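Topology and contacts: notes
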Amino acid sequence: MEFTGLHSTDPQSNQPSLFDSPAERYRKARHSVQRFAVAQLGLAIFSNENSNKYVVHSYNFFLFPSTLGVTDVEFTLSASSTHFLSHYGFDYRKFLEDGIPYMNEVQEQILSQHLLAGSSEVSSALDRDVLKKAIDEVTSWIAAAEEESSMILQDLSGYQMFEVQLVLRKALQNVWTQPLGDKKVMVKKVSRQHRQLLENSPYDYCRKELVLLSARGFTNLFQTLVKAKKPLVGHNMLMDLMHLHDKFYKPLPESYEEFKRNIHNLFPVLIDTKTVTKSIWKKCPFPHVTNLLEVYEVLCSNLNPKGSTCPVITLASDCSRYAEKKSPHEAAYDAFLCGSVLLKSAHLLLCRSTDDAVEADPSFSQYLTVLAEYLNKVNVIRGGVSSINFSGEDTPCKHPPALVVHVRGWSGLNERQIYEEFKALCRFDVRRLSKNQFILLSNKFKHVRPVLQDYKHHPHLRVSVYGHWRHSPRVSCLLQVSGIVALWSLLAFVVGGAPCCSL
């Protein structure tokens, strides 16, 4: 999936951090997902045609929020994301002009009530201009028109086809409308009796259910995917899942646990190829990779031994261009890469799990069995957990020990300045602990020792390994309170016991 933006920088505290718990990361990502739109979605369907051969049909969907009705969806464009997608040839004109509409259940309910009430309000200023022009044309024509005569309205696009018909039918009781192919609507002058017959016809293209079907757009396909209950595969797919929930199902709930339950009910089997390949790269001597395309190329190379039982992946004729030309960050191409990486990774794991040769043509159910430990575990980029488990409890990440920076004789330092001080050695996440203490957290064990050594004799910054009993503000506060209570108890004992001593 491609979005109009990834991470909102408003407020700054929404940036992902190694300090994030799963619930905190969800809260931050939720804020971003609510601000940005889905611009493109790729869907690759892998069909096991025969033996171990898979035929891939890969589809690209340009999407744009539904504009039908009174609700006007607002979304943000990130400058960096726009520049990034433009660099890879993203067609913004197609996104804006031909994007398939979509809506979630709440938006659909609002539109349904809008249609039941017979409201003819529209949210788009452009559509209002088109409607005004159409009404002017029809009212000028109908005054002199004979019954059963007709006229054609031209150059109507998308929802304008519906909106023009709904408005004209409501305003003029002696007309009937019918779409005529692409961007045209026929307006016919009819008697009131004929109008009533037409309104009850099953062939009326403006029936409420047909308007809703059109307005739902891509959401209809999303609902079909949900009903199919097939394994859903993605790469670093947390944001994808959040957008799927928010844009096509329901607005994201505040509760992290509710979000997990909802996604698991929608898609009982999730496979994140990032989670799978992270584990494989630890076990196999593969070169360092930074993106999905590089992972795919390594798994297709001679570095990954292939036998006769290795799955054969063939692109269908209608998307064969992906076999000839790389198209990174085109959603359909990325979806093809993702499914291919999954099959090749599963086969590699199957080969490593047995001492004997893999039997001819392993089935997909065998691949699922060998992938069992990775199912429903979605990768978290730089967080307090390595993955989110959508079918169970999240497992904490094993980070290197946290470091504490104690500042002496250098007043006014903030988290950003501490980050800048240490970034030459490695990328630490920084959080203030007290007025002159900061915690540093890294996800690389090899970065901790050099910092401890290099700052051993620093005049202003003393770095040590974080100890809960030494550095926790809560423990310090508890000890201070305990000390005060103990002191008062001692004083009370001394003062209260003095008279007894004199007797």
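Residues numbered from 1 in each chain as written. Predicted model: local features only at pLDDT ≥ 70, side-chain atom pairs only at ≥ 80, totals over all residues. Heavy atoms only, no water.

1. Some words on unusual backbone geometry
Inclusion rule: Runs of E in the DSSP output that reach at least two residues are strands. Runs of H or I that reach at least four are helices, and both are numbered from the N terminus. Working definition: with a 1.4 Å probe on protein chains only, accessible area under 20% of the residue-type maximum means buried, over 50% means exposed, and in between means partly exposed.
Residue H329 is not a glycine yet carries a positive backbone phi of 65°. Mapped onto the fold, H329 is located in the loop between α14 (321-324) and α15 (331-353). In this structure H329 comes out as partly exposed when scored by relative accessible area, which is 28%. The phi dihedral of N376 is positive, around 65°, even though this residue is not glycine. Summarising the element assignment, N376 is placed in the loop between α16 (364-370) and β10 (377-379). The buried category is assigned to N376, whose relative accessible area is 7%.

2. Here's the deal with the sheet that holds strand β5 (residues 175-179)
Formally: Two strands pair if DSSP finds at least two bridges between them. The axes are straight lines fitted to the C-alpha atoms, using for helices just the contacting stretch, and the angles between their N-to-C directions are given from 0 to 180°.
Spatial strand order, β4-β6-β5: three strands in an open sheet with antiparallel pairing. Both edges of this open sheet fall to β4 (150-153) and β5, since each of them pairs with a single strand only. Pairwise comparison of adjacent strand axes, ignoring direction, gives a mean angle of 25° for this sheet.

3. Observations regarding a nonpolar patch on the surface
What counts, and what does not: A patch consists of residues exposed above 30% relative accessible area that lack any salt bridge, with like charges linked at up to 9 Å and nonpolar side chains (Val, Leu, Ile, Met, Phe, Trp, Tyr) linked at up to 5 Å. With residues, only the protein chains shown are counted as cover, and all accessible areas are computed by Shrake-Rupley using a 1.4 Å probe. Between Lys or Arg on one side and Asp or Glu on the other, a salt bridge is scored when a side-chain nitrogen of the former is within 4 Å of a carboxyl oxygen of the latter.
Together, I484, L487, W488 and L491 give the surface a local cluster of nonpolar side chains, amounting to about 450 Å² of exposed area. When you line up the elements, L487 lands in helix α20 (residues 473-502).

4. Some thoughts on the nonpolar core
Operational definition: For our purposes a nonpolar core is just a set of buried Ala, Val, Leu, Ile, Met, Phe, Trp, Tyr and Cys residues, chained together by side-chain atoms within 4.5 Å. We call two residues in contact whenever any of their non-hydrogen atoms come within 4.5 Å of each other.
With 38 residues, the main nonpolar core has I280, W281, F286 and L371 as its most contacted residues. Counting only elements with at least two residues in this core, the list comes to β3 (53-62), α12 (273-283), α13 (292-300), α15 and α16. Beyond its immediate chain neighbours, meaning those up to four positions away, W281 contacts F286, P287, V289, V295, V298 and L299. Residues Y26, L241, L244 and L266 belong to the second largest nonpolar core, which totals 34 residues.

5. Quick look at the confidence of the model for the protein
The cut-off we apply is this: Scored from 0 to 100, pLDDT reflects the predictor's confidence in each residue.
Within the protein, residue pLDDT values average 86, and 90% of them lie at 70 or more. Contacts from residues 498-503, a stretch scored under 50 in pLDDT, to residues over four places away or in other chains number zero contacts.

6. Focus on the pairing of strand β12 (residues 403-407)
Most of β12 sits out of view: five of its five residues are buried. Of the pairings in the sheet, the one linking β12 to strand β14 (residues 437-441) comprises four bridges and is antiparallel in character. Paired with L403 across the bridge in β14 is L440. Where β12 and strand β15 (residues 461-465) come together, five bridges link them in antiparallel fashion. Looking across to β15, one finds that V407 is bridged to L461.

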